[in-house]
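# Analysis of the macromolecular model
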Amino acid sequence: MADVTVRAPAKINLHLEVLGLRPDGYHELAMVMQSIDLADTLVLRASADATIRLRCDNGDLPTDASNLAVKAAELLRSRVGLPELGVEITLHKRIPIGAGLAGGSSDGAAALVGLDALWGLSLGSERLHGLAAELGSDMPFCLQGGTQLCFGRGERLEPVPAQRVEERAVLLLKHPQASVSTPWAYGRCRELRSDFYLESEADFEQRRQALRQGPLLAALAAGGPLPPLRNDLQSVVAPEVESVRSGLAMLRRGPEALAVAMSGSGPSLYALYPDLRAAEAAQTALAGELDALGFASWCCRCGGSGVSLVAEGSPP
């Protein structure tokens, strides 16, 4: 079969609320996630020797069994009971590593979609979603993409109705030397904020309903001014990571941002703008500060879908 190419977009969090602890030890979350068009590309080719191999053009990324794309391939092959299947995956990495943008999760979701096509499995979206949820909390969102309410560990999705986010764009920042461990961020949140944790499912559901009916989703639907964005991890990460503090302050000094926040557990930061032209104007206005502080930056459109197969002959 011909090679299969899959596009794996990054995400940002428009809302991240830590509700409390679950019986399984994970945190119960209420989030709004948004796809952006900064994306990795995976090219998959069937191999005849029943091996799963991953190559990447970024030498900092592990390509062994710890990589979510490899884990996804191994899980999928195991579940369909076809151990003779093999694949060579080439990963073209554009999403920064360890940045709170779900790059690894999106690569894993892309591997599921690409291998379903390459191996002719036709598993369907529901089964792929179940496999994604086993592999990682963000992976179901990465499969679906767009703008979604995400509950539970992040794997329970509800589409955001009648929203106009796709007209908007972000100026995205990350300092190349900064990294944040997601387990550390949630552990620190538990240390500092556990007095505010809710304990019952009824209380969790009350907060979910407040988000569904709150000002953020109303503003996204109307295309109007946004309320301040909430990220409970930002309040515990920023005091400990200098680049998060300086980057947020810089974005707030930029022109006409609709909102400024950290994505996920960081250290990536973004300012949301009405359109790509406004985001690019802000990047130009802040160019001197970005260079002086050593930040990498990207201007990205908000996107309406998650991982997707790239048609033959189309640009990745």
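Here the structure is a predicted model, which means the values were calculated and not measured.

## A few points about the packing of aromatic side chains
- Taken as a whole and judged by the stated rule, the model has zero aromatic pairs.
- If you follow R153 out to its NZ or CZ, it ends over the ring of Y26, 5.3 Å from the centre.
- Over the face of the ring belonging to F151 we find R208, whose NZ or CZ atom lies 6.0 Å from the ring centre.

## Description of the side chain of K11
- Secondary-structure assignment places K11 in strand 1 (residues 4-21).
- Engagement of the side chain of K11 in a polar contact is seen with the side chain of N13, the distance being 2.5 Å.
- Within polar-contact distance, the side chain of K11 engages the backbone oxygen of G100 at 3.2 Å.
- Among residues more than four places away in sequence, those in contact with K11 are M33, Q34, S35, I36, G100, L101, A102, D138, F141, S263 and G264.

## Let's talk about the state of the cysteines
- Enumeration according to the criterion identifies zero disulfides in this entry.
- For C142, which is in no disulfide, the shortest distance to another cysteine sulfur is to C150 and amounts to 9.2 Å.
- Classification of C142 by relative accessible area gives buried; the value is 4%.
- The structure places no disulfide on C299, whose sulfur is separated from the nearest cysteine sulfur, that of C300, by 7.1 Å.
- Since its relative accessible area comes to 23%, C299 is described here as partly exposed.

## Concerning the environment of G20
- With respect to the helices and strands, the residue G20 is situated in strand 1.
- Sequence separation between G20 and V244 is 224 residues; the distance between their C-alpha atoms is 24 Å.
- Among residues more than four places away in sequence, those in contact with G20 are Y26, H27, E28, Y197, L198 and F204.

## Examining the nonpolar core
- L42 and L112 are the most contacted members of the largest nonpolar core, which has 38 residues in total.
- Listed by contribution, the elements that provide at least two residues to this core are strand 1, strand 2 (27-47), strand 3 (52-56), helix 1 (68-80), strand 4 (86-92), helix 2 (103-118), helix 3 (125-135) and helix 4 (139-144).
- Beyond its immediate sequence surroundings of up to four residues, L42 is in contact with V4, T5, V6, A8, A69, I89, T90, L91, D107, A110 and A111.
- By size, the runner-up hydrophobic cluster in this structure holds 35 residues, among which are L16, V180, A185 and V236.

## Things to note about the pairing of strand 6 (residues 156-159)
- Pairing of strand 5 (residues 147-152) with strand 6, which is carried by four bridges, proceeds in the antiparallel orientation. Bridge pairing in strand 6 links C150 to L157.
- Turn length for the strand 5-strand 6 hairpin, with the two strands adjacent in sequence and antiparallel, is three residues, and the turn residue G154 shows positive phi of about 120°.

## As for the pattern of salt bridges
- Applying the stated criterion across every chain, the model contains 20 salt bridges.
- Put simply, R188 and E191 hold a salt bridge, and the shortest N to O gap is 2.7 Å. Of this pair, R188 and E191 both sit in helix 5 (residues 182-193), three residues apart, roughly one helical turn.
- Under the relative-accessibility criterion, R188 is labelled partly exposed at 22%.
- In this structure E191 comes out as exposed when scored by relative accessible area, which is 56%.
- In this structure, R188 engages E240 in a salt bridge whose closest nitrogen and oxygen atoms are separated by 2.8 Å. Of the two residues, R188 sits in helix 5 while E240 sits in the loop between helix 8 (234-237) and helix 9 (242-253), which places them 52 residues apart along the sequence.
- E240 gets classed as partly exposed once you look at its relative accessible area, which sits at 42%.

The rules behind each value
Residues numbered from 1 in each chain as written. Predicted model: local features only at pLDDT ≥ 70, side-chain atom pairs only at ≥ 80, totals over all residues. Heavy atoms only, no water. Phe/Tyr/Trp six-rings, centres within 6.5 Å; stacked < 30°, edge-to-face > 60°. Lys NZ or Arg CZ within 6 Å of the ring centre and 35° of its normal. Helix = DSSP H or I, 4+ residues; strand = E, 2+ residues; numbered from the N terminus. Polar contact = N/O pair within 3.5 Å; in protein donor to acceptor, adjacent residues only side chain to side chain. Contact = heavy atoms within 4.5 Å. Disulfide = S-S within 2.5 Å. Buried < 20%, exposed > 50% of the residue type's maximum accessible area, 1.4 Å probe, protein only. Core = buried A, V, L, I, M, F, W, Y, C linked by side-chain atoms within 4.5 Å. Pairing = 2+ DSSP bridges. Salt bridge = Lys/Arg side-chain N within 4 Å of Asp/Glu carboxyl O.

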